[in-house]
Amino acid sequence: MNLHNTILTWLLLIPLAASLLIFLVRSAAFARVFSLLASLAVFALSLYLPWRYNSSLGGMQFRQRLRWIPAFHIHYSLGVDGLGLWMAVLTALLFVIALWLACRRSSSYSHGFFALLLLLEAAMLGVFSSLDLILFYFCWEFSLVPMALLIGIWGGPARRRAAVRFFLYTMLGSVFMLAAILWLYHLTGSFGWQTLHRELALRSSTLASPLASSAALWLFLGFFIAFAIKTPVFPFHGWQPEAYSEAPDEAAVVLAGGMSKMGLFGMLRYCVLLFPFAARQLATPILVLGLIGIVYGGLVAYVQTGMKKLVAYSSLSHLGLIVVGIFTFTQLGAEGAIYQMLSHGIIAAGLFCLIGILWQRRQSCELADYGGVAVSMPVFAGFFIVIMLAAAGLPLLNGFVGEFLILLGSFLARHGVAAIAATGVILSVMYLLRWTRATLWGEPSAAVQKMPGLGFREGLLLAMLAVLMLVMGVASPWFLRPIAPVAGELSQTSLTATALRRPSASPAGWVEARAPRRGMRGGR
Amino acid sequence: MPINLHLWLVPGLCLAGFLLNLVFGRLWGKSIAGAVGVGFSGLALLAALWVAHRWSGAPYIEPHATWFLAGPLRVSFGLFLDPLSLLMMLIVTGVGFLIHLYSLGYMSEEGGFYRYFSLLNLFLFFMLTLVLAGNYLLLFAGWEGVGFASYILIGFFFRRDAAARAGIKAFVVNRIGDFGFLLGLFLIFARFGSFNYQTVFARAATLPVESGWHGPLTVIALLLLVGALGKSAQLPLYIWLPDAMEGPTPVSALIHAATMVTAGVYMIARSAVIYDHSPAARSLVLAIGALTAIFAASIGVLQRDIKRILAYSTISQIGYMFMACGVAAYGAGVFHLMTHAFFKALLFLGAGSVIHAMHGEQDIFRIRSLAPGGLKRYAPITFWTFVIATCAISGIPGFSGYFSKDLILERVFAATSGAGRIWWALGLVAAFLTAFYMFRALFVTFFPAPAGAPESAAHPTGQEPAGAAAAGGHGNPENAPRHALPHESPAVMTIPLLGLAVLAALGGYLNWGDRLLHFLAPAFSPTPNAVAYRPLPPFLTAGVQHALMALTIAVALGGLLLAWVLYRRRPRAAAQWAEAVPGLYRLVFNKYWVDEFFDAVLITPLRAISHWVLWRGVDDGLIAGSLRGIGGGLLKTSDGLRRQISGSLRSYAAWIAAGACAAVIYMGWLTLR
């Protein structure tokens, strides 16, 4: 088979195989080098996706579909659209960053650490590329285990509690999602995402949906809870600050940069695209949660004393903004949301790289232990400022593009929502500049003065991140092109108009149009 | 097809200088770093002059790569040249180059030389992007960029906590303004479907002039105004500018006097079409400008730190520019922007030269006591250029500031009537105060103490003002050299002083016969059907004009005279006056306690609520608590379950397997049923 139709499988197989090999060889030295090579290979291969994706055609591409469990119509079905492909590329990049950080000679990680990271990579790539709900669920759950183990074994002092909480809480959400998936199968007889999408979303505009509106709402909520916990969306973030701060830095890069995008990805791919009407009916409460997240996360980040928790709450704020972009249903907002998922992934990874580099020198994440780092590490200070500015959304860096598109899009839909969301631009500089001052500026203490400057490996990593942030900030059309088709679908204005302007009339039309139990089950 | 002006070269050269010093600055020594920094700003000036020379006079659009392409949104990096942006470009590169040159001498003893020049070049890049942008979004990019450059340069002496804090304050307050600016941009896009100047102005020009406060153009104008208030340090968002004086003095001259802080005026003048359609918004601009002018001038009267005096005078002078925009006399506002750039840059560089001469001392009274026989004996060039600049800012006839300030007051008088004249009167009083506090600064700084002057004149409370500490602005104290006597600055610093002195003295004649106003006029009414030049109302006859002129002159001379009397002739009088009204004196001396007010009402409660209510209360208490509650509840339910939860993580894999089995069984049941 040609590469075009098997590329996604290769992306899954390489980390999986590398992980198994590392488990078998059981050598940390081998694992350090080999895992980085494998992740680099995956990243290089993942670039094939944006390179060859046909943006004018849109839709799912690079598809591969094999029978898996025929009795239940479960397929091994892969494919990505503009959303999935950037998430796959982001995942591949994040693991390069994480393994790059982890491959330092002084690291005390055993081979299991690297094997688990690669296993996690395979699972996350599966989440972003699967087109079968069971396969998706399988990958989703499967990603949970390596991350929980990474936190629980190699994490900070409170790692056990953080891991258990992380695991239990996200598991709790997944239960709802599993129920929703099974119920959906029960109603429609299919696990295929594309079949469901065709039947549920596209036909719903012709008032011939096989779903009752109440069923759609409950199904939507089942999915949404899982995704909201994973992202996390306020108030489902109870697991997040502790998990972020206890996770080893390499895992935190993936956790903050990539796993949070799994939740947002799910909201877009499953909640909004499969249940467009329910999404629009529930948009207002979700928007309120997103807005609370923006303000609340920003304010709480502002008073943090530890860097990791500061990043955790700032993520809550940034992710809230993405939720706003998704649930205002505009072309610009949706493009901005997807772009910001990519962009925030890189920024969050960059922030944790900074923290990791500091940690290796000072064994502390407390703001009070720093100050004056710019004296002992001037080059590091420069990169710190660039990444901080990207997070603060300074124009010409990547953070601005997504933030601006989201705010503009949501403004076009609802002025008030955008006005509240835009307070994030004030809050973000408040906590980021406070962090910068506490870390970089001031007179260095004796301990800070002893911190060695940036090594070549670290400098190269940060330089690449900084260049990437700049490129994404000025050449956004190149990144936005594949996103446009899926964003158009996410924001179908006719749906918004029907669902919002005539809330009583339109659902009534498609609600009772069909009895719930029928529909596609007959067709299987 | 018009000739290609290669406008991009002007900011591009500054960017190149920034990158070169950023990458190689650590490798090469001070001399090369300085040469690169100054050289590239000089090249940018040459490029700007070349552009000006070849420009045909018609609005020129230079297309560049696309920045945003999403749905209906299409934004490019395109640049734009019209009389307004040409003038701004020349001011920025011209004054910028002189200040770069001056910095060679001023910063020669400081660490981080290459860092300083690369950041100064970066600032020029963003500032030129701001003024040459062809659309609002690119303007915003420059706008945010100069905000960052300002933040990082204020905190240049980053070891000092006060500098770091001042940088943060500047950035955050600016972001508060940008919040409004952003919403204004959104509304522009929502109404006009584009950010391009041409499109926006052409569509706005077809709309009727709005009355009241609810029209779309009025709301846009008000939101843009919020941004301008932050950037240009007007009431109530001026609070960051005095603190910004923590930065190196040339930075204060370039960013916080001549160029960046006037960006708000530029933006309003650029949006003239929008403001023309909204008398309500303009009236607010006028009121804020006049109130700021008098408010800041009154604070300047009692300041002792020479840089802070200048900071408050900057706020006050920008208030005049806002007043001009408020009566749709954008040309007059930009004229004052230009003369202000000359004389205020000169004042700051002169102040820098004084601080340099005094080894870091910034308190004008202590300068006087440390320079026996008056500083003017030791630093004659600094003194005479400072005199020129003081005359210019005070509106002494013949100097540049006189022409522009007189023009603004005349236009405000012409455009208002009845109670509206209060703004004009405030402007006049502010002009009096300006002349007074500037000549006070001049007399105290450069002249020997008159016989019988108390050591801390006009300072009966005896408390030390904040920020007037020794070595306040001149670098790291440990780097500051200690000489015995004050000295004149080296030639590399005095040449820029002389250059700016010529401009500050003669810059006003650029508008001889309203030439500058005519030149600028097309920029404010870019659509052919709009009125090209606003005629004066009929009641403003030559006689009235002359009377107004005489009044302005009288006010300026009055201020001069009062300063002369209080600080040269009767040195005890100032203290006696202050003791006569102790309450008022303390109110003004402490800058109306505005900073303290914001701290008490906004910052402290915000921090406390965030910490105790949101973080400790909601997050630790409710959200994490409920999580513990759920966990605890589960634990109590079953002992067997407890083992699973608190046990080894490996067992969770088994849980997943069990869940999957359950799912498969359920699905089997569904199929077989």
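Remember, predicted model here, so these are calculated numbers, not experimental data. (Residues numbered from 1 in each chain as written. Chains lettered and ligands numbered in written order. Predicted model: local features only at pLDDT ≥ 70, side-chain atom pairs only at ≥ 80, totals over all residues. Heavy atoms only, no water.)

**Here's the deal with the overall build of chain B**
Phase 1: Helix and strand content of chain B: 27 helices and 4 strands.
Phase 2: The buried share of chain B, reckoned over its 673 residues, is 60%.
Phase 3: Here the analysis covers contacts within chain B between residues at least 6 apart in sequence; of these, 81% occur between residues at least 24 apart.
Phase 4: Summing over all exposed atoms, chain B offers an accessible surface of approximately 23,800 Å²; the carbon and sulfur share of this is 69%. (Helix = DSSP H or I, 4+ residues; strand = E, 2+ residues; numbered from the N terminus. Buried < 20%, exposed > 50% of the residue type's maximum accessible area, 1.4 Å probe, protein only. Contact = heavy atoms within 4.5 Å. Areas by Shrake-Rupley, 256 points an atom, 1.4 Å probe, with all protein chains shown as cover.)

**Describing a nonpolar patch on the surface**
Phase 1: Where nonpolar side chains cluster on the molecular surface, the patch consists of Leu19, Leu22, Val23, Phe24 and Leu27 of chain B and spans about 490 Å² of accessible area.
Phase 2: For valine 23 of chain B, the location among the structural elements is in helix H1 (residues 9–24). (Patch = residues over 30% accessible without salt bridge, like charges linked within 9 Å, V, L, I, M, F, W, Y side chains within 5 Å. Salt bridge = Lys/Arg side-chain N within 4 Å of Asp/Glu carboxyl O.)

**Quick look at the pairing of strand E3 (residues 73–76) of chain B**
Residues in a regular strand point their side chains to alternate faces of the sheet.
All names here are of chain B.
Phase 1: Alternating positions in E3 separate cleanly, Leu73 and Val75 being buried on one face and Arg74 and Ser76 remaining unburied on the opposite face.
Phase 2: Both strand E2 (residues 66–70) and E3 contribute to a ladder of 4 bridges, which runs antiparallel. Of the residues in E3, the one forming a bridge with phenylalanine 68 is valine 75.
Phase 3: Counted along the chain from E2 to the antiparallel partner E3, the turn is 2 residues long, and its residue glycine 71 has a positive phi close to 50°. (Pairing = 2+ DSSP bridges.)

**What to know about unusual backbone geometry**
Only a minority of non-glycine residues have a phi that is not negative, and only a minority of peptide bonds are not trans.
Phase 1: Cis geometry is adopted by the peptide bond preceding proline 235 of chain A, which originates at phenylalanine 234 of chain A and carries an omega value of -5°.
Phase 2: Within the secondary structure, proline 235 of chain A sits in the loop between helix H9 (213–230) and helix H10 (240–246).
Phase 3: Positive phi, close to 60°, is recorded for histidine 359 of chain B, a residue that is not glycine.
Phase 4: Of note, the phi angle at lysine 591 of chain B is positive, near 55°, even though the residue is not glycine.
Phase 5: Using a relative accessible area of 19% as the deciding quantity, one classes lysine 591 of chain B as buried.

**Re the packing of aromatic side chains**
Phase 1: Across all of its chains, the model carries 78 aromatic pairs over all chains by this definition.
Phase 2: Their ring planes at 80° and their centres at 5.5 Å tell us that tyrosine 116 of chain B and phenylalanine 156 of chain B sit as a pair that is edge-to-face. One end of the pair, tyrosine 116 of chain B, is in helix H4 (residues 113–132); the other, phenylalanine 156 of chain B, is in the loop between helix H5 (136–154) and helix H6 (161–192), and 40 residues separate them in sequence.
Phase 3: Taken together through their ring pairs, the aromatic side chains of Phe400, Phe404 and Phe411 of chain A together with Trp67, Phe68, Phe77, Phe140, Trp143, Phe181, Phe186, Phe189 and Phe195 of chain B make up a single cluster.
Phase 4: It is arginine 52 of chain A that lies over the ring of tryptophan 51 of chain A; its NZ or CZ is 5.5 Å from the centre.
Phase 5: The ring centre of phenylalanine 156 of chain B lies 4.3 Å from the NZ or CZ of arginine 115 of chain B, which sits over that ring. (Phe/Tyr/Trp six-rings, centres within 6.5 Å; stacked < 30°, edge-to-face > 60°. Lys NZ or Arg CZ within 6 Å of the ring centre and 35° of its normal.)

**Describing empty space enclosed by the protein**
All names here are of chain A.
Phase 1: Scanning the entire structure with this criterion turns up 8 cavities of 30 Å³ or more.
Phase 2: Within this model, the largest cavity holds a volume of roughly 90 Å³.
Phase 3: What lines the largest cavity is simply Ile294, Ser317, His318, Leu321, Glu403, Leu407, Ala421, Gly424, Val425, Ser428 and Tyr431.
Phase 4: Elements that contribute at least two residues to the lining of the largest cavity include exactly helix H14 (307–326), helix H18 (398–413) and helix H20 (423–439).
Phase 5: Here the lining of the largest cavity gets 4 residues from one element, more than from any other, and that element is H20.
Phase 6: Across the lining of the largest cavity, the residue classes tally to 6 nonpolar, 4 polar and 1 charged.
Phase 7: In this model, the second largest cavity occupies a volume close to 80 Å³. (1 Å grid on protein atoms, 1.4 Å probe; cavity = no way out; pocket = protein on both sides within 12 Å on 5 of 7 lines; lining within 4 Å. Points joined across faces, edges and corners; volume = space filled by probe spheres on them. Nonpolar A, V, L, I, M, F, W, Y, C, P; charged D, E, K, R; others polar.)

**Quick look at the interface of chain A and chain B**
Phase 1: At the interface, 83 residues of chain A touch 60 residues of chain B.
Phase 2: Buried area between chain A and chain B, summed over both chains or domains, comes out near 6,500 Å², and the portion from carbon and sulfur atoms is 78%.
Phase 3: Here glutamate 443 of chain A makes a salt bridge to arginine 159 of chain B, at a shortest N to O gap of 3.4 Å.
Phase 4: Counting across the interface, chain A meets chain B through 13 residue pairs in polar contact (both at pLDDT 80 or more). (Buried area = accessible area lost by both parts, 1.4 Å probe. Polar contact = N/O pair within 3.5 Å; in protein donor to acceptor, adjacent residues only side chain to side chain.)

**Comments concerning the confidence of the model for chain B**
All names here are of chain B.
Phase 1: Looking at chain B as a whole, its pLDDT mean stands at 85, while 86% of the residues score no less than 70.
Phase 2: Predicted confidence for residues 457–482 stays below pLDDT 50, and this span has 63 contacts to residues more than four positions away or in other chains.
Phase 3: Taken together, the stretch residues 644–650 has pLDDT below 50 and engages in 13 contacts with residues farther than four places along the chain or on a different chain. (pLDDT = per-residue confidence, 0-100.)

**Structural notes on the packing of helix H1 (residues 3–25) of chain A against helix H5 (residues 111–129) of chain A**
Residues and elements named next belong to chain A.
Phase 1: Relative orientation of the contacting elements H1 and H5 amounts to 160°, with a least axis distance of 8 Å. Here H1 lies roughly antiparallel to H5, going by the angle between them. Both H1 and H5 take part in a crossing whose hand is left-handed. Counted together, Leu8, Leu11, Leu12, Pro15, Leu16, Ala18, Ser19, Ile22 and Phe23 of H1 and His111, Gly112, Phe114, Ala115, Leu118, Leu119, Glu121, Ala122, Leu125, Gly126 and Ser129 of H5 form the full contact between these two elements.
Phase 2: Counted by class, the contact of H1 with H5 contains 14 nonpolar, 5 polar and 1 charged residues. (Axes fitted to C-alpha atoms, helices over the stretch in contact; angles between N-to-C directions. Parallel < 35°, antiparallel > 145°, perpendicular 65-115°, else oblique. Left-handed = near helix turned anticlockwise from the far one by under 90°.)

**Some words on the packing of helix H8 (residues 216–231) of chain B against helix H11 (residues 263–270) of chain B**
Residues and elements named next belong to chain B.
Phase 1: Put simply, H8 and H11 touch, their axes get as near as 7 Å, and they point 155° apart. Between H8 and H11, the interaxial angle falls into the category roughly antiparallel. Contact with H8, carried on its side by Leu224, Leu225, Ala228 and Lys231, involves Ala263, Gly264, Met267 and Ile268 of H11 and no other residues of that element.
Phase 2: Looking at side-chain class alone, the contact of H8 with H11 contains 6 nonpolar, 1 polar and 1 charged residues.

**Some words on the side chain of glutamate 335 of chain A**
Phase 1: The residue glutamate 335 of chain A is located in helix H15 (residues 331–362) in this model.
Phase 2: Arginine 481 of chain A is the oppositely charged side chain nearest to the buried, salt-bridge-free glutamate 335 of chain A, at an N-O distance of 9.9 Å.
Phase 3: Not counting residues up to four positions away in its chain, the partners in contact with glutamate 335 of chain A are Leu480, Ile483, Ala484 and Ala487 of chain A together with Leu69, Ala70 and Gly71 of chain B. (Lys, Arg positive; Asp, Glu negative; His and termini not counted.)

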